[in-house]
Amino acid sequence: MNEREPVGMKRPTLETVAAAAGVGRGTVSRVVNGSSQVSEQTVKTVNDAIKRLGYVPNRAARSLASNRTMAIALIVPENAERFLDDPYLAAVVRGIYARLEESEYVLTLFVASADPTRKTLRYLRGGNVDGAIIVSQHERDNYLLELGEIMPIVFNGKPNEAGTPPHYYVDVDNEAAALEATEYLIASGRRSIAHVAGPTDMPAAHERVLGWQSALERAGLDAGAIEHGDYTAAGGARAMRLLLEKHPDLDAIFAANDLMAMGAIGVLLDAGRAVPGDVAVVGFDNSSAALSARIPLTTISQPAMDSGRTAADVLLRVLAGESPERASILPTSLVQRDSA
């Protein structure tokens, strides 16, 4: 038995907490549901009253009253191996989870392939979640856009949404970041700069190609050395082998993520090319892979955990009836290490 709730004592309610904290019932509700539209001092005051009174939110009753499940779907449209091996995706998920831990919502994970099962779609469309966060969307994933007709969704990364209403998303300026990475290589004296690009069906990968091309064109350099990978180390290695065959005189690589840069470095070293002496390498993400590569990576840092946290916060605000900006663009920076 809760020692703060003796026999015969009425269970504390939202109204009881509101009276003890000196705020309105709606304010208590916003604090309990993790809304960001409450001052830190008010949150502390309400939480102190909750702790003092021993108030426990009744999720079942609140769900029935509001027609909500208090559950959020995290959808990762990748195969399980790619999801589990990618440190950037793992950091994004940690950020999402950390933000939702501050609310009353629970997280349901779906690692969905390009051809999701009817069971998965039936569950998502069946009123079992109040909203969804989608990480790593490809052009093939049009069914995810359709979910926006029945629930609020937030994308981590700009979605492919031609012909659909705009969705909420969190991203970085991929083109500007790729431009910065390539200009850094040019400024260091590199003149034959190849690109290990991401999948052709992802907006972020396309924008990074544009940034790389723009930097080379501004410098009057050729932008013909490009091979696409799949954001895995193995994909980066395959792309690097092709680039060495076609462009043996290359002296720098800009890779669209750290895992592919790590794979490219392995191929270069095995081929007898010194890094960065013969070939400089710059990655993208500043993930844990940047430090576990055979040579620590110079890379573009993007705030993975903040990105996940922001995506979750945007969705919580929408579910609370607020109207956040459709696009949340986070900053990037270049981190210099041994590879370039």
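Residues numbered from 1 in each chain as written. Predicted model: local features only at pLDDT ≥ 70, side-chain atom pairs only at ≥ 80, totals over all residues. Heavy atoms only, no water.

S.K.: For this particular structure, what's the right way to read the pairing of strand β5 (residues 168–172)?
M.R.: Remember that side chains alternate between the two faces of the sheet whenever the strand is regular. Of all the five residues making up β5, five are buried; the element is thus mostly covered by neighbouring parts of the structure. In β5, alternate side chains face the same way, and those of Tyr168, Val170 and Val172 on one face and Tyr169 and Asp171 on the other are all buried. Here three bridges tie strand β4 (residues 153–156) to β5, and the two strands are oriented parallel to one another. By the bridge assignment, phenylalanine 155 is partnered in β5 with tyrosine 169. (Buried < 20%, exposed > 50% of the residue type's maximum accessible area, 1.4 Å probe, protein only. Helix = DSSP H or I, 4+ residues; strand = E, 2+ residues; numbered from the N terminus. Pairing = 2+ DSSP bridges.)

S.K.: Just to check I follow, could you spell out the sheet that holds strand β9 (residues 280–285) for this structure?
M.R.: Across the sheet, six strands lie side by side as β7-β6-β8-β9-β10-β12; this open sheet has mixed pairing. Sheet topology places β7 (226–228) and β12 (333–335) at the edges, where each strand pairs with a single neighbour. Within the sheet, the average angular offset between the axes of one strand and its neighbour, ignoring direction, is 20 degrees. The pairing of strand β8 (residues 252–255) with β9 spans three bridges and is classified as parallel. Each bridged residue has a counterpart across the sheet, and for phenylalanine 254 the counterpart in β9 is valine 282. Contacts from helix α11 (residues 233–246) reach β6 (193–197), β7 and β8 within the one sheet, and its direction differs from that of β7 by about 155 degrees. (Axes fitted to C-alpha atoms, helices over the stretch in contact; angles between N-to-C directions. Contact = heavy atoms within 4.5 Å.)

None of this, on its own, says anything about what the molecule does.
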